[in-house]
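Coordinates in review
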Amino acid sequence: MAALGWLTPRRRSATARSVLAGEASAEAARKTALAEDDLDALGPDARGAEAVQAPQAVAPEAVELEDEPEDEPEFPVAGDDLAAAFFDLDNTVMQGAAIFHFGRGLYKREFFRRRELARFAWQQAWFRLAGVEDPDHMQDARDSALSIVKGHKVSELMSIGEEIYDEYMATRIWPGTRALAQAHLDAGQKVWLVTAAPVETATIIARRLGLTGALGTVAESVDGVYTGRLVGEPLHGPAKAEAVRALAAAEGLDLERCAAYSDSHNDIPMLSLVGHPYAINPDTKLRKHARAHDWRLRDYRTGRKAVKVGVPAAAGVGAIAGGAAAAIALHRRRK
């Protein structure tokens, strides 16, 4: 599981690498979901210490619903097994970025040192000052980040991911978005997270929320050990759309009957695939695009202020590490 650098921006059009990343993510998601189904069939004892009670549905809070037609038919449609829902993670389902919290947890466990922290901070400073996406610098950022977990076991990172969820993520789920996901589940539909975060981390979050599974960035592993390479590229922008397309084909879904939810204009390719796109806590570009295309908008933020992922003043060096870890990841949101 690459801990840091896979979220650097890529070109907007789909490439062979984004198609590969999407297909690999869809395959990983289906395998994991099938494994989870097998465990469920065996009963709660099969999960042992990792058994998790799916959270109860909660009512949306602080909901702003824009341009909602009064005569809109009921949605989601109960019993429509050709439909599913796809939810972006960062600032859509979770306040802030999963990679920020994951970075904090890894630094706390001494997965990287101050020297590496300084290098990531310098790379982010260069991105912000230069204002361009230089391929060599982005590749260097990814390579240095992937080296942190190279040689570590997948099972080790999965176990740590469970701990990090409890420490930093569980209290940061948007109740309103969680309720939307539950509505799809109650209608008998599958619900998938779609994120540039590592697929292992995304899968943990999906399971803790009682969702079907997750599409995420796939880091290569051999015999259960990370090699320090990605499969394709980060699941970002067009690669997300390719993952949704591949999963829909494998699951026999009708994308026109599916829904997708995101806060970021980078996810317009994914949102454009489905018949029911929703802009959740949208950034300025997505809000403008959604209004122009008559997409639904929902905002769960107080005062319509976007959630910013930064470094709390009193959080200490662990949070600083998380901020540097997230800096490259979130460059795409600060254009």
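Within each chain, residues carry numbers counting from 1 in the order of the written sequence. The predicted nature of this model means local features are confined to residues of pLDDT at least 70 and side-chain atom pairs, given and counted, to a pLDDT of 80 or more, with totals for whole chains, interfaces and linings taken over all residues. The basis for every side-chain value is the complete set of heavy atoms in the structure, and neither hydrogens nor water enter the calculation.

**Section: the overall build of the chain**
What counts as a helix is a DSSP run of H or I of at least four residues, what counts as a strand is a run of E of at least two, and both are numbered from the N terminus. Broken down by element type, the chain carries 11 helices and nine strands. Every one of the 335 residues in the chain was classed for burial, and the buried ones make up 53%. Only heavy atoms matter for contacts: two residues are in contact if any of them lie within 4.5 Å across the pair. Contacts spanning at least 24 positions in sequence make up 72% of the contacts within the chain whose residues lie at least 6 apart. Residue-level accessible areas treat just the shown protein chains as cover; the underlying method is Shrake-Rupley with a 1.4 Å probe. Taken as a whole, the chain presents about 14900 Å² of accessible surface, with 52% of it coming from carbon and sulfur. Buried means the residue's accessible area, taken with a 1.4 Å probe over protein chains only, is under 20% of the maximum for its type, while exposed means over 50%, and partly exposed covers the values in between.

**What about the packing of helix α5 (residues 154-169) against helix α7 (residues 199-208)?**
Each axis is a line fitted through C-alpha atoms, taken for helices only over the stretch in contact, and angles between the N-to-C directions span 0 to 180 degrees. Where α5 meets α7, the axes come as close as 9 Å, and the angle between the chain directions of the two elements is 50°. One finds that α5 runs oblique with respect to α7. Crossing hand, α5 versus α7: right-handed. Counted together, V154, M158, G161, E162, Y165, D166 and M169 of α5 and E200, T201, I204, I205, R207 and R208 of α7 form the full contact between these two elements. Oblique is the label for any angle not under 35 degrees, not over 145, and not in the 65 to 115 range, which are roughly parallel, roughly antiparallel and roughly perpendicular in turn. Handedness of each helix crossing follows the sense of rotation of the near helix against the far helix: counterclockwise by less than a right angle gives left-handed, clockwise gives right-handed.

**Looking at the nonpolar core**
Within soluble globular proteins, side chains that are nonpolar tend to cluster in buried spots. Nonpolar cores were defined as sets of buried Ala, Val, Leu, Ile, Met, Phe, Trp, Tyr and Cys residues, with membership established by side-chain atoms within 4.5 Å. In this structure, F87, F111, L193, I205 and Y261 are the most contacted members of the largest nonpolar core, which totals 45 residues. Looking at this core, the element that brings in the most residues is α5, giving seven residues. In this structure, V194, A248, L255 and L286 belong to the second largest nonpolar core, which totals 30 residues.

**As for the packing of helix α2 (residues 98-108) against α5**
Where α2 meets α5, the closest approach of the two axes is 9 Å, and the angle between their N-to-C directions is 110°. By the criterion of interaxial angle, the relationship of α2 to α5 is roughly perpendicular. Both α2 and α5 take part in a crossing whose hand is right-handed. Residues A98, H101, F102, R104, G105, L106 and K108 of α2 form the contact with α5, whose own contacting residues are L157, I160, G161, I164, E167, Y168 and M169. Amino acid classes used here: Ala, Val, Leu, Ile, Met, Phe, Trp, Tyr, Cys and Pro are nonpolar; Asp, Glu, Lys and Arg are charged; the rest, including Gly, are polar. The class makeup of the residues in the contact of α2 with α5 is eight nonpolar, three polar and three charged.

**Description of the pairing of strand β6 (residues 225-230)**
The criterion for strand pairing is that DSSP finds at least two bridges linking the strands in question. Bridge count for strand β5 (residues 219-222) against β6 is three bridges, and the pairing is antiparallel. In the sheet register, A219 faces β6, and the bridge partner there is L230. Where β5 hands over to β6, the hairpin turn is made up of two residues, of which D223 adopts a positive phi near 55°.

**Here we look at unusual backbone geometry**
Not every positive phi belongs to a glycine, and N91 is a case in point at roughly 65°. Mapped onto the elements, N91 comes out in the loop between β2 (84-88) and α2. One non-glycine residue, D294, adopts positive backbone phi at about 60°.

**What to know about the side chain of H184**
Relative to the helices and strands, H184 is located in helix α6 (residues 175-186). Apart from residues no more than four positions distant in its own chain, H184 is found in contact with F75, P76, A85, F87, Q189, V191, A259 and Y261.

**A word on helix α8 (residues 238-251)**
Here, expected helix span is obtained from the residue count minus one, scaled by 1.5 Å. Helix length check: α8 (14 residues) gives 20 Å between terminal C-alpha atoms against 20 Å at 1.5 Å per residue, within 8%. With its phi angle positive at about 70°, G252 sits one or two positions after the end of α8.

**Remarks on the confidence of the model for the chain**
Note: predicted coordinates in regions of low pLDDT should not be interpreted at a detailed level. Per-residue confidence for the chain averages 74 on the pLDDT scale, and 64% of its residues sit at or above 70. No element of the chain has a lower mean pLDDT than helix α11 (residues 317-329), which averages 36, and none a higher one than β2, which averages 97. The low-confidence segment residues 1-12, where pLDDT is below 50, has 65 contacts with residues more than four positions distant or belonging to other chains. Confidence scores labelled pLDDT are given residue by residue by the predictor and lie between 0 and 100.

**Examining α2**
Side chains that are three or four residues apart share a direction in an α-helix, a result of its 3.6 residues per turn. By the criterion of burial, α2 is predominantly enclosed, with 10 of the 11 residues buried. Every buried residue of α2 is listed here: A98, I99, F100, H101, F102, G103, R104, G105, L106 and Y107. Following α2 by one or two positions, E110 has its phi on the positive side, about 60°.

**Some points on the pattern of salt bridges**
We define a salt bridge as a contact between a side-chain nitrogen of Lys or Arg and a carboxyl oxygen of Asp or Glu at a distance within 4 Å. Applying the stated criterion across every chain yields a total of 15 salt bridges. For K240, the salt bridge is made with D88, and the minimal N-O distance between the two is 2.7 Å. With K240 in helix α8 and D88 in strand β2, this pair connects stretches of sequence that are 152 residues apart. A relative accessible area of 2% means that D88 is categorised as buried. We note a salt bridge from K190 to E251, for which the minimum N-O separation is 2.8 Å. Here the residue K190 occupies a position in strand β3 (residues 190-198), and E251 occupies one in helix α8, the gap between them amounting to 61 residues. Given a relative accessible area of 39%, K190 falls into the partly exposed group. A relative accessible area of 22% means that E251 is categorised as partly exposed. Taken together, the salt bridges that share partners define one network made up of K108, R109, E163 and E167.

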